[in-house]
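Structural features, examined
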Amino acid sequence: MKLSHFNFNLPKELLAEFPAENRDESRLMVIDRKKNTIEHKMFKDVINYFDDGDVLILNNTKVFPARLYGNKEKTGARIEVFLLRELNSEQRLWDVLVDPARKIRIGNKLYFGDDDSLVAEVIDNTTSRGRTLRFLYDGSYEEFRNKLTELGETPIPKYINRDVTPEDAERYQTIYAKEEGAVAAPTAGLHFSKHLLKKLEIKGVNFAEVTLHVGLGTFNPVEVEDLSKHKMDSEELIITQEACDIVNEGKAKKKRICAVGTTSMRAIESSVSSANTLNPYEGWTNKFIFPPHDFSIANCMITNFHTPKSTLLMMISAFCGHDLMKKAYEEAIKEGYKFYSYGDAMLIL
């Protein structure tokens, strides 16, 4: 498969600027790979496809308010700082992206907040837009992190052409988010309401939680025609023994094992035993799933509608089958399904 196989025309108006009014009332396209069928439902109808003993694998990462706006010393120029990851908590070192990058050099200082109570010094260049910052703040580590949270805003994706609203802090986060560390939401999970999860639980569905801290690399389009040459960014991954036990028991009983989102799928495919069971894992993964790929753990998945040439689309092609995926996407565009982070969902059986 080549990059050109993953290009399609996506009308601008199908990019979702806002989430559905209620989480579980977005639309749901149901694709049955065996029957080669496509059905149109509401997300809350997902309950009809799961029974006692089936397993949903959820990514419980939590998005932190990663986008800060500061001012450069002397000139006062407004600079966006996007926090990627903490490198050293004692020295308050962070890996960040800056915009506009050309103005930001080693030794520059940036000031944040109306009272300039938070200052950062640029100590290294990492990529064209990447910098290492050392934050300077009078206070304990906990106070410093609280300050970052206070000054930061929800990192809704760049394609959303509007200001962040207070609602985004709630809606660009799954209701089961626990472990802070993502700079992008695992968006398939956004469709689950508390009510729907409770109904699934009452039905006997089991939940296995994994943690994959989604990085900005999730938005990087592939730029090489030969997919095997594409390099994924590494993301931190934790799979507990408890999660493995839930998944492997379901697998042994031939139940439905459903990866909720491409991040959950990438997580579990990063830690498969030789017996095709899920292994515990703590570390980093840069797994890139593209066709052809044999999936070892999940036999169904829930996902959003993805953008052209994205690694996410390639995974869906590998799982769904390329021709069926293309047919589904053509139908989604014709039917006006919403795409991307705040968009509609797809269940692939």
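- With an unreviewed UniProt entry as reference, the protein is termed S-adenosylmethionine:tRNA ribosyltransferase-isomerase, source organism Flavobacterium crocinum.
- In its Sequence similarities (unreviewed entry) section, UniProt records this for the protein: "Belongs to the QueA family."
- In its Function (unreviewed entry) section, UniProt records this for the protein: "Transfers and isomerizes the ribose moiety from AdoMet to the 7-aminomethyl group of 7-deazaguanine (preQ1-tRNA) to give epoxyqueuosine (oQ-tRNA)."

Considering the packing of aromatic side chains
- On inspection of all chains with the given rule, the structure shows 16 aromatic pairs.
- Relative to Tyr342, the ring of Tyr172 has its centre 6.0 Å away and its plane inclined at 85°; by these criteria the two rings are edge-to-face. On the criterion of sequence distance, the pair formed by Tyr172 in the loop between helix H2 (166–171) and strand S11 (179–182) and Tyr342 in the loop between helix H7 (322–335) and strand S17 (345–348) is long-range, its members being 170 residues apart.
- In this structure Tyr172 comes out as buried when scored by relative accessible area, which is 1%.
- According to the relative accessible area criterion, Tyr342 is buried, its value standing at 5%.
- Look at Phe288 and Phe290: their rings are 4.7 Å apart centre to centre, the planes differ by 40°, and that puts the pair in the tilted class.
- Three or more aromatic residues link up through ring pairs in this structure, and these residues are Phe8, Phe305, Tyr329, Tyr337 and Phe339.
- Over the ring of Tyr337 we find Arg27; its NZ or CZ atom is 4.1 Å from the centre of that ring.
- Geometry around Tyr69 places Arg78 over its ring, the cationic atom sitting 4.0 Å from the centre.

A look at the sheet that holds strand S13 (residues 235–239)
- Strand order across the open sheet formed by nine strands is S2-S1-S17-S16-S14-S3-S12-S13-S15, with mixed pairing between neighbours. Pairing within the sheet leaves two strands with one partner each, and these edge strands are strand S2 (37–42) and strand S15 (281–285). Shown here is a sheet whose adjacent strand axes are inclined to one another by a mean of 20°, direction ignored.
- Here five bridges tie strand S3 (residues 55–59) to strand S12 (residues 206–212), and the two strands are oriented parallel to one another.

Some details on the packing of helix H6 (residues 311–320) against H7
- The N-to-C vectors of H6 and H7 enclose an angle of 120°; their axes lie 7 Å apart at closest approach. It follows that H6 is oblique to H7 by the angle criterion. Crossing of H6 against H7: the hand is right-handed. Across from Leu313, Ile316, Ser317 and Cys320 in H6, the residues of H7 making contact are His322, Leu324, Met325 and Tyr329.

Quick word on the sheet that holds strand S10 (residues 130–136)
- Ordered by their spatial adjacency, six strands build a closed barrel running S5-S6-S7-S10-S9-S8, and the pairing between neighbours is antiparallel. The sheet shows a mean angle of 45° between the axes of neighbouring strands, direction not considered.
- Examined bridge by bridge, strand S8 (residues 109–112) and strand S9 (residues 118–125) share four bridges and lie antiparallel to one another. Bridge pairing in S9 links Phe112 to Leu118.
- Helix H1 (residues 141–151) rests against strand S5 (67–72), strand S6 (78–88), strand S7 (93–99), S8, S9 and S10 of the sheet, and its axis sits at about 90° to S9.

Notes on unusual backbone geometry
- A cis amide bond links Asp99 with the next residue in sequence, Pro100, at an omega value of 0°.
- Along the chain, the position of Pro100 falls in the loop between S7 and S8.
- Pro292 follows Pro291 through a cis peptide bond whose omega is -5°.
- Examined against the element boundaries, Pro292 turns out to sit in the loop between S15 and strand S16 (300–304).
- Its identity as a non-glycine residue notwithstanding, Tyr340 has a phi of 80°, on the positive side.
- With respect to the secondary-structure elements, Tyr340 resides in the loop between H7 and S17.

Quick notes on the domain arrangement of the protein
- Parsing the protein into structural domains produces domain 1 (3–63 + 169–348) and domain 2 (67–153).
- Between domain 1 and domain 2, the contact holds five residues from the first and six residues from the second.
- Taken over both partners, the interface formed by domain 1 and domain 2 buries close to 420 Å², and the fraction arising from carbon and sulfur atoms is 60%.
- A salt bridge links Arg145 to Glu180, with the shortest nitrogen-to-oxygen separation between them at 3.3 Å.

A short note on empty space enclosed by the protein
- Taken as a whole and judged by the stated rule, the model has three cavities of 30 Å³ or more.
- Empty space within the largest cavity amounts to approximately 190 Å³.
- Around the largest cavity, the lining is made up of 18 residues, and of these Ala185, Thr187, Thr218, Thr262 and Leu312 lie nearest the centre.
- Residue assignment for the lining of the largest cavity shows that the elements contributing at least two residues are helix H5 (262–269) and S16.
- Counted by class, the lining of the largest cavity contains nine nonpolar, nine polar and no charged residues.
- In this structure, the second largest cavity occupies an estimated 50 Å³ of space.

Scoring rules and cut-offs
- Residues numbered from 1 in each chain as written.
- Predicted model: local features only at pLDDT ≥ 70, side-chain atom pairs only at ≥ 80, totals over all residues.
- Heavy atoms only, no water.
- UniProt positions renumbered as here; feature names shortened; annotations may be inferred.
- Phe/Tyr/Trp six-rings, centres within 6.5 Å; stacked < 30°, edge-to-face > 60°.
- Helix = DSSP H or I, 4+ residues; strand = E, 2+ residues; numbered from the N terminus.
- Buried < 20%, exposed > 50% of the residue type's maximum accessible area, 1.4 Å probe, protein only.
- Lys NZ or Arg CZ within 6 Å of the ring centre and 35° of its normal.
- Pairing = 2+ DSSP bridges.
- Axes fitted to C-alpha atoms, helices over the stretch in contact; angles between N-to-C directions.
- Parallel < 35°, antiparallel > 145°, perpendicular 65-115°, else oblique.
- Left-handed = near helix turned anticlockwise from the far one by under 90°.
- Contact = heavy atoms within 4.5 Å.
- Domains from an automatic or database assignment.
- Buried area = accessible area lost by both parts, 1.4 Å probe.
- Salt bridge = Lys/Arg side-chain N within 4 Å of Asp/Glu carboxyl O.
- 1 Å grid on protein atoms, 1.4 Å probe; cavity = no way out; pocket = protein on both sides within 12 Å on 5 of 7 lines; lining within 4 Å.
- Points joined across faces, edges and corners; volume = space filled by probe spheres on them.
- Nonpolar A, V, L, I, M, F, W, Y, C, P; charged D, E, K, R; others polar.

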